Amino acid sequence: MAGDATVLSDWAPVAGRIRDEATDYWDDTLAADRFTGKGGRLFRGHGTISAPGVVTVGGEVLRDRRGIIIATGTAPAIPPVPGLAGTPYWTNREAIEAEQAPGSLLVLGGGAVGAELAQVYSRFMAKVTVVEALGQLLPTQEPEAGELIAGVFGREGIGIRTGVAASAVDYDGATFAVTLAGGEELTAEKLLVATGRHTDLAAVGVGALGIDDKSRAISVDEHMRAALGVWALGDVVGTGAFTHMSVYHAEIVIADILAQEHHPAEYHAVPRVTFTDPEIGCVGMTAAQAREHGLQVRTGHCSIPSASRGWIHKAGNDGFIKLVADADRGILVGATSAGPTGGEVLSMLTLAVHAAVPVRRLDEMIYAYPTFHRAVQEAVRDLS
């Protein structure tokens, strides 16, 4: 807004920071030393529950004293697209490890991971196309979120194919060719598969505990107990594949093992953020989910460009606030905060949903001017 600026993108410093600072070249020695320094014993290998209270790791047989905690996470779910298996496709891991940005990239999956990495590589000069089998980008979020990101991607030159699945993949040693269900063929130097996550409970050995190892997730109670003397947490319980969910579960497990007081697990206000630009922060239920639960739904909106801070921000001010209220109880049951700091603005909405703060009280509180979160008040007033 105040002159010309030139940006010369260079992936090397980014890749270097990931290797040097974020992952220490994927060496977990420091983390392992912290653990063993506190008295823990670390066994490296594939652990399997071989009997109640027994875990086998290689040739070692470990017997519990207090219990077993299952925190095995999930792995990328690879769709059975003909020709895909055996090719050097990327998952999120390879995309982060890459030391050079490709000239072109195809992304299968338009969810959070696919959208984030698509925009990252596009901004480092790769020609990117995203293929999403469902009808919109970010298909688990509000329709407005998918529309917003699609508009931004379109302006940034990212190709989008929604409502169509890949039917075949070919790789000739240098280029990927992906054929879509309608017959269109897309080509690129690299292929990123970002089509969700999956568990392998059979490999964990949960069948030895009487747990169905063919399930998609481990069923737990409100204290994260999966069976007598067994707790499970994180991705493997199917309540959200987020780092913050694993941390939340871990605190409940620790309290239960130590017989300390702690609120049981609650999932009515789970926050999640897609770190695109703009950020898409969501909490609780979408409007469609709330209606499926039989609620009398009322929604409120505010466009970020029309709010005071959005007008001041101007460049890159794409975004909106959407509130989902239970009209009968007069509280929020869900919200979306999309914008330059959408994930940060989400914090007050997460608190409002979690604590069931009455909508009237949200309207009566003081909002600092001019801030992005002031748009929340405009959305609250739009509810009525």
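Our structure is the block above this text.
In this report, we go over the structure that sits alongside the text. Computed from a predicted structure; not experimentally measured. All chains use their own residue numbering, which begins from 1 and follows the written sequence. Selection of residues for local features in this predicted model requires a pLDDT of at least 70, selection of side-chain atom pairs for listing and counting requires 80 or more, and totals for whole chains, interfaces and linings are taken over all residues. Derived side-chain values reflect all non-hydrogen atoms in the structure, with water molecules and hydrogen atoms excluded from consideration.

### Quick notes on the state of the cysteines
Put simply, the test is: The disulfide criterion is simple: two cysteine sulfur atoms within 2.5 Å. Each residue's exposure class comes from its accessible area (1.4 Å probe, protein chains only) as a fraction of the maximum for that residue type: buried when under 20%, exposed when over 50%, partly exposed otherwise.
A full pass over the atoms with the stated rule returns zero disulfides. Free cysteine: C282, not disulfide-bonded; nearest cysteine sulfur from C302 at 16 Å. Take C282: its relative accessible area is 2%, and that puts it in the buried class.

### Looking at the nonpolar core
Soluble globular proteins: nonpolar side chains tend toward being buried together. Cut-off, in case you're wondering: Residues enter a nonpolar core if they are buried and are Ala, Val, Leu, Ile, Met, Phe, Trp, Tyr or Cys, with the set joined through side-chain atoms within 4.5 Å. In DSSP terms, a helix is any run of H or I states spanning at least four residues, a strand is any run of E spanning at least two, and both are numbered starting from the N terminus. Any pair of residues with heavy atoms lying within 4.5 Å of one another is described as a contacting pair.
Y121, V128, L192 and I280 are the most contacted members of the largest nonpolar core, which totals 27 residues. The set of elements that each furnish at least two residues to this core consists of α1 (11-22), β6 (104-108), α4 (112-122), β7 (127-132), α5 (143-155) and β17 (279-284). V128 has contacts with L105, V107, A118, Y121, S122, G157, I158 and G159, leaving out every residue within four places of it along the chain. Ranked by size, the runner-up nonpolar core spans 24 residues in total, among them V345, L346, L349 and Y367.

### What about the side chain of D318?
Selection criterion: For this analysis, a polar contact is any N or O atom pair within 3.5 Å, provided that within protein one partner can donate a hydrogen and the other can accept it, and provided that sequence-adjacent residues contribute only side-chain to side-chain pairs.
Tracing the sequence through the fold places D318 in the loop between α9 (308-313) and β19 (320-326). One polar contact links D318 to R155, side chain to side chain, over a distance of 2.9 Å. Beyond its immediate sequence surroundings of up to four residues, D318 is in contact with L148, V152, R155, P278, A338, G339 and P340.

### Some details on the pairing of strand β11 (residues 185-188)
For clarity, the cut-off: For two strands to be treated as a pair, DSSP must find at least two bridges joining them.
Alternating positions in β11 separate cleanly, L186 and A188 being buried on one face and E185 and T187 remaining unburied on the opposite face. Following strand β10 (residues 176-180), the chain reverses through four residues before pairing antiparallel with β11; G183 in that reversal takes a positive phi of roughly 105°.

### Here's the deal with empty space enclosed by the protein
Put simply, the rule reads: Computed over the protein atoms alone on a 1 Å grid, cavities are sets of points where a 1.4 Å probe fits but cannot get out and pockets are open sets with protein on both sides within 12 Å along at least five of seven lines; a residue lines them when it has an atom within 4 Å of a point. Grid points are joined across faces, edges and corners, and a volume is the space filled by probe spheres set on the points. The nonpolar class holds Ala, Val, Leu, Ile, Met, Phe, Trp, Tyr, Cys and Pro. Asp, Glu, Lys and Arg form the charged class, and all remaining residues, Gly among them, are polar.
By the definition in use, this model includes two cavities of 30 Å³ or more. The computed volume of the largest cavity comes to approximately 40 Å³. Surrounding the largest cavity, I304, I321, S337, A338, G339, P340, T341, G342, V345 and F372 form its lining. Secondary-structure elements contributing two or more residues to the lining of the largest cavity are β20 (331-339) and α10 (342-354). Here the residues of the lining of the largest cavity sort into six nonpolar, four polar and no charged. Around the second largest cavity, the lining residues are Q141, E142, R272, C282, V283, M285, T286, A335 and T336. Among the elements of the structure, β17 and β20 are those that each provide at least two residues to the lining of the second largest cavity. Split by residue class, the lining of the second largest cavity holds four nonpolar, three polar and two charged.

### Brief notes about the pairing of strand β16 (residues 271-274)
Only one face of β16 is buried, namely the one carrying R272 and T274, since none of P271 and V273 on the opposite face is buried. Linkage of β16 to β17, two consecutive antiparallel strands, is achieved through a turn of four residues.

### Observations concerning the layout of surface pockets
What the second largest pocket holds in volume is close to 1500 Å³. Forming the boundary of the second largest pocket are 35 residues, of which F35, R41, L62, I68 and I69 lie nearest the centre. Here the residues of the lining of the second largest pocket are counted per class, giving 16 nonpolar, 13 polar and six charged.

### Thoughts on the pattern of salt bridges
Rules: Counted as salt bridges are all cases of a side-chain nitrogen of Lys or Arg within 4 Å of a carboxyl oxygen of Asp or Glu.
Scanning the entire structure with this criterion turns up 16 salt bridges. Salt-bridge contacts for R123 lead to D277; the nearest nitrogen and oxygen are separated by 3.0 Å. Taken together, the positions of R123 in the loop between α4 and β7 and D277 in the loop between β16 and β17 put the pair 154 residues apart, joining distant regions of the chain. K322 is the salt-bridge partner of E144, the closest N and O atoms lying 3.1 Å from each other. Taken as a pair, E144 in helix α5 and K322 in strand β19 lie far apart in primary sequence, 178 residues in all. Exposure remark for K322: the relative accessible area of 6% places this residue in the buried category. Among the ionic contacts, a cluster of salt bridges with common partners joins R123, E156 and D277.

### Details of the packing of aromatic side chains
Basically, it comes down to this: In this scheme Phe, Tyr and Trp rings, the latter by its six-membered ring, pair at centre separations within 6.5 Å, and the angle between planes marks the pair as stacked below 30 degrees, edge-to-face above 60, and tilted otherwise.
Counting across every chain of the model gives four aromatic pairs. With a centroid separation of 4.4 Å and 35° between ring planes, the pair formed by Y171 and F176 is classed as tilted. Given the relative accessible area of 29%, Y171 is considered partly exposed. Given a relative accessible area of 0%, F176 falls into the buried group. Taken together, the aromatic side chains of W11, W90, Y121 and F124 make up a single cluster linked through ring pairs.

### Observations regarding the environment of G159
Here G159 shows up in strand β8 (residues 159-162). Between the alpha carbons of G159 and A118 there is a distance of 9.7 Å; along the sequence they are 41 residues apart. In contact with G159, not counting residues within four places along its chain, are V128, T129 and V130.

It is worth stressing that arrangement in space is one thing and function is another; only the former is reported here.
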